[in-house]
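Here is what each chain is made of, one letter per residue.
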Amino acid sequence: MAACKALGLEIKPLLKMSNLWDAWTEYDEMVLISSRIDLSIFEDWFIFLDLAINSIPSSINPLEIQDDDSHVETQKVLNFMKETGFLKHAQDMQNPEKWKENRLAARYGKSLAVATTFFENQNNLTGLWQLFEDAAIEILYGKENKEITTFNHSESRCSDALENALKKVNFETLPLIANEKVAYAYLDNVSPWLNLRKFQKEVLRLNEVLFVLQYRKNNEELTWIGSNNKLNINKIFGIKNNEESPYEALIKRSHKELLSYIFYQIKQFSA
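Residues numbered from 1 in each chain as written. Predicted model: local features only at pLDDT ≥ 70, side-chain atom pairs only at ≥ 80, totals over all residues. Heavy atoms only, no water.

### Some details on helix 12 (residues 255–270)
Put simply, the rule is: Every helix listed is a DSSP run of H or I at least four residues long, and every strand listed is a run of E at least two residues long, numbered separately from the N terminus. Expected span, for any helix, means 1.5 Å times one less than how many residues it has. Buried means the residue's accessible area, taken with a 1.4 Å probe over protein chains only, is under 20% of the maximum for its type, while exposed means over 50%, and partly exposed covers the values in between. The arc in question is traced by the directions running from the helix axis to the C-beta atoms. In what follows, residue pairs with any heavy atoms lying within 4.5 Å of each other are defined as contacts.
Here helix 12 is 16 residues long and its end C-alpha atoms lie 22 Å apart, about the 22 Å a rise of 1.5 Å per residue gives. H255, L258, I262, Q265 and I266 are the residues of helix 12 that are buried. Seen from one end, helix 12 has its buried residues packed into an arc of 100 degrees, which puts them on one side. Structurally, helix 12 contributes buried residues whose contacts are with strand 3 (183–189), strand 4 (211–217), strand 5 (220–226), helix 11 (233–237) and strand 6 (248–252).

Here's what the structure looks like:
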């Protein structure tokens, strides 16, 4: 983002599907800068691609920045990043092992990772976008942004939230499945500092067979069921319309009602 701004290129946030349609109407060409696409908020994504594919000649993945690109404007950005050292900083940001020797990469690597957890837990994509833009402006002009600093110093809050969540995992709530204990946790309202994905992976590392997590988010009762490539979640629990992965599913349904159903299905599967 800082490189694009330095070269006078206009950057538009993609916070909802209408942003894409508006940008396509306004510009002849668009270069997508994205590390991942949450298709749940881009409900017409594939329709958009079919219609607008000729207007998207290039894309940049900030988590895996390529060295070259056939698109002229994209190559200008990549060349600028090489010449200024931005490219190395961007790569080091993704590698915590490099943070001791690269203070700038450490500052933004920590700040934006913590902020991503914080804002995504509150579904505040606008706040997250603004912080990324603030980081780009700070990089360009060298004037400290206090919110970036605050998030940089909040890394311990994420560590504490993860530690507290792990303490709530037990293996007694649900029956055995395939003679293996099932991990279960109830978190109620999720801490804004808890990286749910990291928590899920950590529990599955300890118990790869099955993990059932129940929590509240924005007053909704959610249940996440995951297996570390061991069990077909869709098949065992009769979950339909879950095409992302057969090894995990997120369900919106009454906790009590769903837990009874899960208990019953595990019994049936293990019988």
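There is more to say after this.
### Things to note about the pairing of strand 5
Applicable threshold: Strand pairing follows a simple DSSP-based rule, namely that at least 2 bridges must link the two strands.
Among the seven residues that make up strand 5, five are buried, leaving the element largely enclosed by the rest of the structure. As defined by bridge partners, strand 4 adjoins strand 5 across seven bridges and the pair is classed as antiparallel. Paired with F211 across the two strands is G226, which belongs to strand 5. Here strand 4 folds back onto strand 5, and the loop between the two strands holds two residues, one of which, N218, carries a positive phi near 55 degrees. Pairing analysis gives five bridges linking strand 5 to strand 6, with the strands arranged antiparallel. From the neighbouring strand, L222 faces strand 6, where its bridge partner is K252.

### A look at the packing of aromatic side chains
Which entries qualify depends on this criterion: Within 6.5 Å between ring centres, the rings of Phe, Tyr and Trp (the latter by its six-membered ring) count as paired, and their orientation is classed by plane angle as stacked under 30 degrees, edge-to-face over 60, tilted in between. Here, a charge over a ring is recorded when the distance from Lys NZ or Arg CZ to the ring centre is within 6 Å and its angle to the ring normal is within 35 degrees.
Enumeration over the complete set of coordinates arrives at 12 aromatic pairs. Between the aromatic rings of F80 and F86, the centroid separation amounts to 5.7 Å while the plane-to-plane angle is 85 degrees, which identifies the pairing as edge-to-face. In this structure F80 comes out as buried when scored by relative accessible area, which is 19%. Summarising the aromatic geometry, the rings of F119 and F151 are spaced 5.6 Å apart at their centres and angled 50 degrees between planes, so their arrangement reads as tilted. You can see F119 sitting in helix 6 (residues 103–120) and its partner F151 sitting in helix 8 (residues 146–152), a full 32 residues away along the chain. Taken as a pair, F119 and F151 share a single burial class, namely buried. Three or more aromatic residues joined by ring pairs make a cluster, and in this case those are W21, W24, W45 and F48. Positioned above the aromatic ring of Y261 is the side chain of R253, whose terminal nitrogen or guanidinium carbon lies 5.5 Å from the ring centre.

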